[in-house]
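Coordinate inspection notes
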Amino acid sequence: MSLKILFVSTSVGSLGSGQGGGVELTVKNLAQELTNRGHQLEVVAPQASWLTNILVTTIQGNLQVPVQTQNRDVPICIPDNSVLANMWEYARQVQTQYDLIVNFAFDWLPFYLTPFFTTPIAHFISMGSMTDASDRIMQQIIEQYPGTFGVYTQSQADTFPFAHQCEILGSAIDLSLYQFNHYPSASLTWLGRIAPEKALEDAVKAVSLTGTPLKIMGRIEDRDYWEKICNDFPKAPIEYLGFLDTNQLQQELGKCRALLMTPRWVEAFGNVAIEALACGVPIIAYRRGGLRRSCEMARQVF
Ligand code: UDP
C-alpha cells in the first residue's frame, strides 16, 4: 500500500548545512528509501534545505538553539518568528493530504501538538534524554499514543523513563554511495559536529601523544571550543578539512586507517560509525551509548 507521508525535519538547521548532525542523513535516507518503495513523500525543513529527487518545502524563521547546549532544567524557549512553529503551522494546514506525519525534531512543541492534529504523528527521537521538560511531554504523549516513538538504539532508549515503550529502529545508509578502499594511509580520521559533547579534544590529545596524523571533518558548531583545542594542542598533527558532502566525506574517510569516535555524551547511534564501516574503515570508540552497538557490528565485519 502506498502511503502519503509528511516529514517535518529538525528545527536546528537546514538540511545540507551539517547543523542538524546525523538527523540530516537519517531524514535523507528514510525519504529516499520510502520513495523507492512507492510511498509519496514531502519533507518540510528550514530555509535553504535541499535533498536530491525529494520534494522539499522550505520554511522561513529563526532556528531553535540545540538542546544539548543547555542544562536539564532549561525552560521551553521558542524564538520570535520560530521556524519550528512555522513548520508545524504548515503541517497543520496540509495534514489532511497525508496519512502520516513524522517528526524529526527533538523539541517540546511537536510532542505537545500531537493530540491537536487529526493526522497521526510518529516521532523519531534523535538523542538521549536532554531536559526534564522534554522527558515529561514525551512521557505524556507516548502513554497516550503507544508505538509512535522510534529511537536509534536501546542504549539511547535507556536514557528515558519510558525506555520500554520505544521502538528500536537502528539506522541505515545507502551503501552504493560509499566505496571500499584497499589502500589506507597512515592517518586517522575524526568526523562530526565540532561541539563539546563530541569531545574532539580526547582524539587530538591521543594523536599528540602518538604522533599519528589526524584528519578532522565536520561543521564547527562551537568556534570557541575549536579554538581552545587548537590552542591547547598547538603541535598536534591535525588537519581540518572542513564540512564535506557525503561523496567527498567517503573519499577522505575511506583513505584513513581508522575512525576515532570520542563522544562524552550517550551517543544515540553515531551515523559516522556505519559510514566508516561502509568504506571498510575500523572504528576506535569509547564503549558507550549507541557506539557499543556499532563496535559489536564492527567485530562481526572484521
Ligand atoms: N558529516 C558530514 N560532513 C562532514 C562531517 C560529518 O556530512 O564533514 C555528517 C555525517 O555524514 C553524519 C553526521 O554528520 O551523518 C554526524 O552524525 P552522527 O550521528 O555521527 O552525530 P550527531 O551529529 O547526530 O550527534
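Reference entry: report on the structure contained in this document. All of these numbers come straight from a predicted model, not from anything done at the bench.

1. Comments concerning the overall build of the protein chain
- Assigned secondary structure in the protein chain consists of 10 helices and 12 strands.
- The C-alpha radius of gyration of the protein chain comes to 19 Å, within 12% of the 19 Å expected for a compact globule of 302 residues.
- Projected onto its principal axes, the C-alpha coordinates of the protein chain cover approximately 60 × 40 × 35 Å.
- Residues counted as buried form 52% of the 302 residues belonging to the protein chain.

2. Focus: the layout of surface pockets
- Each pocket or cavity is described by its volume, and for the second largest pocket that value is around 530 Å³.
- Phe 7, Leu 30, Leu 34, Phe 124 and Leu 169 are the residues nearest the centre of the second largest pocket, which is lined by 26 residues in total.
- The set of elements that each furnish at least two residues to the lining of the second largest pocket consists of β1 (4-8), α1 (22-36), β4 (100-103), β5 (121-125) and β6 (149-151).
- Element by element, the count of residues in the lining of the second largest pocket is highest for α1, at five residues.
- Each residue belonging to the lining of the second largest pocket can be placed in one class, and the counts come to 14 nonpolar, nine polar and three charged.

3. Observations concerning the side chain of Thr 246
- Among the structural elements, Thr 246 can be located in helix α8 (residues 246-255).
- Accessibility expressed as a relative area gives 19% for Thr 246, which makes it buried.
- Residue contacts for Thr 246: discarding those within four places in its chain leaves Leu 25, Lys 28, Tyr 178 and Glu 275.

Reading the values: rules and limits
- Residues numbered from 1 in each chain as written.
- Predicted model: local features only at pLDDT ≥ 70, side-chain atom pairs only at ≥ 80, totals over all residues.
- Heavy atoms only, no water.
- Helix = DSSP H or I, 4+ residues; strand = E, 2+ residues; numbered from the N terminus.
- Rg over C-alpha atoms; globule rule 2.2 N^0.38 Å.
- Buried < 20%, exposed > 50% of the residue type's maximum accessible area, 1.4 Å probe, protein only.
- 1 Å grid on protein atoms, 1.4 Å probe; cavity = no way out; pocket = protein on both sides within 12 Å on 5 of 7 lines; lining within 4 Å.
- Points joined across faces, edges and corners; volume = space filled by probe spheres on them.
- Nonpolar A, V, L, I, M, F, W, Y, C, P; charged D, E, K, R; others polar.
- Contact = heavy atoms within 4.5 Å.

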